[in-house]
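Results of the structural survey
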Amino acid sequence: MTKVIAVALPKGGVGKTTTAINLAASLAAMDIKTLLIDSDVSNNCATSLGFDPLKLSGGLINLVMGTQTAEEILTKTDLEYLDFIPTNNTTDNEDKIQQIVHNRYRLRDIIRTEFHEYEYVIIDTPPTMDGIINLVLSSIDSVLVPIKTSYYSLIALSRMLNKVEDIKKTTNKHIQIEGIVFTMSEVNTIATRMSEEKVYPLYGKHMFRSSIPKSTILAESTYHGKPVVLLKARSLGAEAYLKLAQELVVRNKICPVKELVKLSGFEKIGTEIPRDYKLYSNTPNPLKSSTIIKFDVPRESAIKINIYNIYMEQVEVLLDKVLEAGEYKIVWQPGQLPNGVYYYKFDAGSIFKMNKMILSR
């Protein structure tokens, strides 16, 4: 089934277009058939993908008005699994938009009938709360909200969430918040810390664990007319959007909580008394799909190791024992747990450590 996601926030300069393009490109790089739609009359998506907007014949507005077919405006990109629909390049877009926004279900019907072969449809939106954004929000499954670590972004975030609630009550009862992602993020800065302190208590359940760092390569990619994954796949910017795409895919999979783990071994492998509690990175075995977790206990302690999903919801207790000092090893095998990103938390009273775990089999 096609998942339709709008990248939206009523504020410019937060990375909406950058996120829409690079998220769509990252999904395509994962061999996921993806369609990118530009609903912003600025046509920045076309430019960022290497197209001249003036040479593109027609676009989304003509499609919704019925003057062009999907086949006529669908544009192939440099990525095999990514197609693109631009906005129109005419100067009377605003008049046309006013004509089409009254039929708020037209775009939804087109997406469902013409683009059902795509697994994801990503829609870039203008930084407004009027006009074509109403048509988009009435036609989608969810909204992905990119925000900068700034006070004005937080104000815009509140407006965006209120807008989604209004749309849910009027024209699209199924719309949801796909997630909130920090863009242009700078770690260990006061602005980042203050933003996190305000956002997580209110909207923590919506937050993506992935974030997009401030990166010159993301700005450069626009000049080259390429998504960053094609320009420099090993850059921080490309890796960040690939992680975001992976997390998005995992969020849209059912995560069963029964038969999560089959514990196939638990043993003490060292008697020397460690100096501190330690939890080592897991070692996956791709042949047997098993995972090895090693940890140190400096003194007799009640030890718990719990498994969490990407929403930081506990889904299983792997270990709950009182252990004497020493080094230990757990060998376990996932049961029905699908591939994706998970976390295991080592808990010894007031001491806890958490490591990421990626299941791939």
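Details of helix H6 (residues 106-114)
Within the span of H6, buried status applies to Leu107, Ile110 and Ile111. Looking straight down H6, one finds its buried side chains confined to an arc of 95°; they lie on one side. Packing partners of the buried residues in H6 comprise strand E1 (3-7), helix H3 (60-65), strand E5 (120-124) and helix H7 (132-137).

What about the packing of aromatic side chains?
Here the structure, examined in full by the defined rule, presents eight aromatic pairs. Residues Phe51 and Phe84 carry aromatic rings whose centres are separated by 6.0 Å and whose planes lie at 5° to one another, so their mutual orientation is stacked. With Phe51 in the loop between helix H2 (44-48) and H3 and Phe84 in strand E4 (residues 82-85), the pair connects residues that are 33 residues apart, well separated along the chain. Members of the aromatic cluster, connected to one another through ring pairs, are Phe266, Tyr277, Phe295, Tyr328 and Phe346. The positively charged end of Arg251 is found above the aromatic ring belonging to Phe208, 3.9 Å away from the centroid.

Examining the environment of Leu157
As for its position among the elements, Leu157 is in helix H8 (residues 151-170). Separated by 147 residues in the primary sequence, Leu157 and Pro10 have C-alpha atoms spaced 7.8 Å apart. Apart from residues lying up to four places away in sequence, Leu157 is in contact with Leu9, Val145, Ile147, Ile180 and Tyr203.

Side note on the side chain of Asp347
The topology assignment puts Asp347 in strand E15 (residues 340-348). Lys345 provides the closest opposite charge to the buried, unpaired Asp347, separated from it by 4.1 Å. Residue contacts for Asp347: discarding those within four places in its chain leaves Ala302, Ile303, Lys304 and Phe352.

Some details on a nonpolar patch on the surface
A surface patch of nonpolar side chains, about 380 Å² in accessible area, is lined by Tyr151, Tyr152 and Ile155. By the element assignment, Ile155 lies in helix H8.

Focus on the sheet that holds strand E2 (residues 34-38)
Spatially, E3-E4-E2-E5-E1-E6-E7 is the arrangement adopted by the seven strands of the open sheet, whose pairing is mixed. Bordering the open sheet on either side are strand E3 (75-76) and strand E7 (176-182), each of which pairs with just one other strand. With four bridges connecting them, E2 and E4 associate as parallel partners. Paired with Leu35 across the two strands is Asp83, which belongs to E4.

Describing the nonpolar core
In this structure, Phe115, Ile123, Ile140, Val143, Ile147 and Met160 are the most contacted members of the largest nonpolar core, which totals 44 residues. In terms of residues, this core owes the most to one element, H8, which gives seven residues. In this view, Ile147 contacts Leu9, Ser153, Leu154, Leu157, Ile180, Val181, Phe182, Thr183 and Val199; residues no more than four positions away in its chain are not counted. Ala46, Leu49, Leu244 and Leu248 belong to the second largest nonpolar core, which has 35 residues in total.

Some words on helix H1 (residues 16-29)
Taking 1.5 Å per residue, 14 residues should reach 20 Å; H1 reaches 20 Å between its end C-alpha atoms and fits that length. Among the 14 residues in H1, twelve count as buried, and that is most of the element. Backbone geometry just after H1 places Asp31 at a positive phi near 65°.

Re the confidence of the model for the protein
Close inspection of predicted coordinates is inappropriate in any region flagged by low pLDDT. Residues at a pLDDT of 70 or more form 86% of the protein, whose mean pLDDT is 85. Predicted confidence for residues 255-259 stays below pLDDT 50, and this span has twelve contacts to residues more than four positions away or in other chains.

A short note on unusual backbone geometry
Although it is not a glycine, Asp31 adopts a positive phi angle of roughly 65°. Despite not being glycine, Asn43 has its phi angle at roughly 65°, a positive value. You can see Asn43 is positioned in the loop between E2 and H2. The exposure class assigned to Asn43 is buried, which follows from its relative accessible area of 4%.

The rules behind each value
Residues numbered from 1 in each chain as written. Predicted model: local features only at pLDDT ≥ 70, side-chain atom pairs only at ≥ 80, totals over all residues. Heavy atoms only, no water. Buried < 20%, exposed > 50% of the residue type's maximum accessible area, 1.4 Å probe, protein only. Helix = DSSP H or I, 4+ residues; strand = E, 2+ residues; numbered from the N terminus. Arc of directions from axis to C-beta. Contact = heavy atoms within 4.5 Å. Phe/Tyr/Trp six-rings, centres within 6.5 Å; stacked < 30°, edge-to-face > 60°. Lys NZ or Arg CZ within 6 Å of the ring centre and 35° of its normal. Lys, Arg positive; Asp, Glu negative; His and termini not counted. Salt bridge = Lys/Arg side-chain N within 4 Å of Asp/Glu carboxyl O. Patch = residues over 30% accessible without salt bridge, like charges linked within 9 Å, V, L, I, M, F, W, Y side chains within 5 Å. Areas by Shrake-Rupley, 256 points an atom, 1.4 Å probe, with all protein chains shown as cover. Pairing = 2+ DSSP bridges. Core = buried A, V, L, I, M, F, W, Y, C linked by side-chain atoms within 4.5 Å. Expected span 1.5 Å × (residues − 1). pLDDT = per-residue confidence, 0-100.

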